[in-house]
2 protein chains.
Amino acid sequence: MSETLSHKEALQHSGLKNTKQRSAILNILEKATQPLNADQIYLALVTEKVAINLSTVYRVLNTLAEKELIIKTSSVSDNKALFERNDFKHQHHLVCVECKEIILVDECPFEEYEKKLNEKIGFTILGHQLEIYGICDKCQKRIEEENKRSI
Amino acid sequence: MSETLSHKEALQHSGLKNTKQRSAILNILEKATQPLNADQIYLALVTEKVAINLSTVYRVLNTLAEKELIIKTSSVSDNKALFERNDFKHQHHLVCVECKEIILVDECPFEEYEKKLNEKIGFTILGHQLEIYGICDKCQKRIEEENKRSI
DNA sequence: ATGCAAATGCAAATCATTATCATTTGGAGG
DNA sequence: CCTCCAAATGATAATGATTTGCATTTGCAT
């Protein structure tokens, strides 16, 4: 299976052993459509009958994030760290305040902006993290329906 | 003192009592040059001889954030919530990865970007949160000095 | 001045995460 | 294929960040 082969290579390349637990966690994040917290990942593993300790989940996640195989982010609305696969694509999160779903988008408006900041403040930019809040298409439609019904 | 008068009015306007603790916390955040976590706020209050319980600090911060008198943010590098005054100005954080200082900037590149997202994905944007990582001017100079010395 | 609901102090509890140590495992090397 | 050992894990305890419950205090309307 070429997916686990690339995990094995990625782990090797990072000087990490290819353990069942690490591979399983990378698989979970590979399949996920949005960033997950440690507990969600743990539950997904349990659901797939992978024997693992929650403390190991935390340790593995932090290790993989340190090696940049995955990305650790956070969310203002939660007091929990979030993790997502690192495709080495540059993406941002759209967070629906209704259903809490996170939509990943590729567009980024920063090139010009970062140049401007560098010139103006002398700040050497290494990266950024952007979360956009709003309401997704689905929830907008649902809310419109509900508004119609309440008339 | 017109500062505490405006706090009193802001609290009243939000349906909250004007307690010593709330006023003191708003003052701390008013004076701060960057977002602070609960422990930093608690220590600043203690330093100013304000008698308060840490659990009250948490409670007051969450109450004020709920009423949008202050803003609750988070930082990926910490497992701690951050709080800052809400000037109703639109600002972003530049985070120096060296000294951890947070610099507030007014510039925002989002108008065009948000229009584009709305058209493309049908996402109704209500707001965003942006953290930019890099190295501030001061630390760049210090690092250059150190590099010169190590030759 | 009074009374009452909101707010606070305090301590305990909960939640999210990390540390410690005994045991297991991946994989290099022979 | 076997051995050995350092890395990794399981299990549990601990820690740090935050929240909760309840008795008491306080802001403020009357």
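Residues numbered from 1 in each chain as written. Chains lettered and ligands numbered in written order. Predicted model: local features only at pLDDT ≥ 70, side-chain atom pairs only at ≥ 80, totals over all residues. Heavy atoms only, no water.

- If you check an unreviewed UniProt entry, chain A appears there as Transcriptional repressor from Acetobacterium fimetarium.
- The record in UniProt for chain A states the following under Sequence similarities (unreviewed entry): "Belongs to the Fur family." (UniProt positions renumbered as here; feature names shortened; annotations may be inferred.)

### Considerations on the protein's contact with DNA strand C
Okay, step 1: In the region of DNA strand C, 23 residues are neighbours, and Tyr58(A), Asn62(A), Lys80(A), Arg22(B) and Thr56(B) sit closest.
Okay, step 2: Of all atoms in DNA strand C that approach within 4 Å of the protein, 71% are sugar or phosphate atoms.
Okay, step 3: At 3.2 Å from a phosphate oxygen of DNA strand C is found a side-chain nitrogen or oxygen belonging to Lys80(A).
Okay, step 4: Contact between DNA strand C and Lys17(B): a sugar or linking oxygen at 3.3 Å from a side-chain N or O atom of the residue.
Okay, step 5: Residue assignment for the surface near DNA strand C shows that the elements contributing at least two residues are helix H4 (54–66) of chain A together with helix H2 (20–31) and helix H4 (54–66) of chain B.
Okay, step 6: Across the surface near DNA strand C, the residue classes tally to 6 nonpolar, 10 polar and 7 charged. (Near = heavy atom within 4 Å. Polar contact = N/O pair within 3.5 Å; in protein donor to acceptor, adjacent residues only side chain to side chain. Helix = DSSP H or I, 4+ residues; strand = E, 2+ residues; numbered from the N terminus. Nonpolar A, V, L, I, M, F, W, Y, C, P; charged D, E, K, R; others polar.)

### Here's the deal with the pattern of salt bridges
Once the charged atoms of two side chains with opposite charge are near each other, the side chains can pair.
Residues and elements named next belong to chain A.
Okay, step 1: Within the structure shown, the criterion is met by 6 salt bridges over all chains.
Okay, step 2: Between Glu48 and Lys31 there is a salt bridge; the shortest N-O distance is 2.8 Å. Of this pair, Glu48 sits in the loop between helix H3 (38–47) and H4 while Lys31 sits in helix H2 (residues 20–31), and the two are 17 residues apart along the sequence.
Okay, step 3: Between Glu146 and Arg142 there is a salt bridge, with its nearest N and O atoms 3.3 Å apart. Linking Glu146 with Arg142, this pair stays in helix H6 (residues 137–149), spanning 4 residues, or about one helical turn.
Okay, step 4: Residue class for Glu146 comes out partly exposed when judged on its relative accessible area of 37%. (Salt bridge = Lys/Arg side-chain N within 4 Å of Asp/Glu carboxyl O. Buried < 20%, exposed > 50% of the residue type's maximum accessible area, 1.4 Å probe, protein only.)

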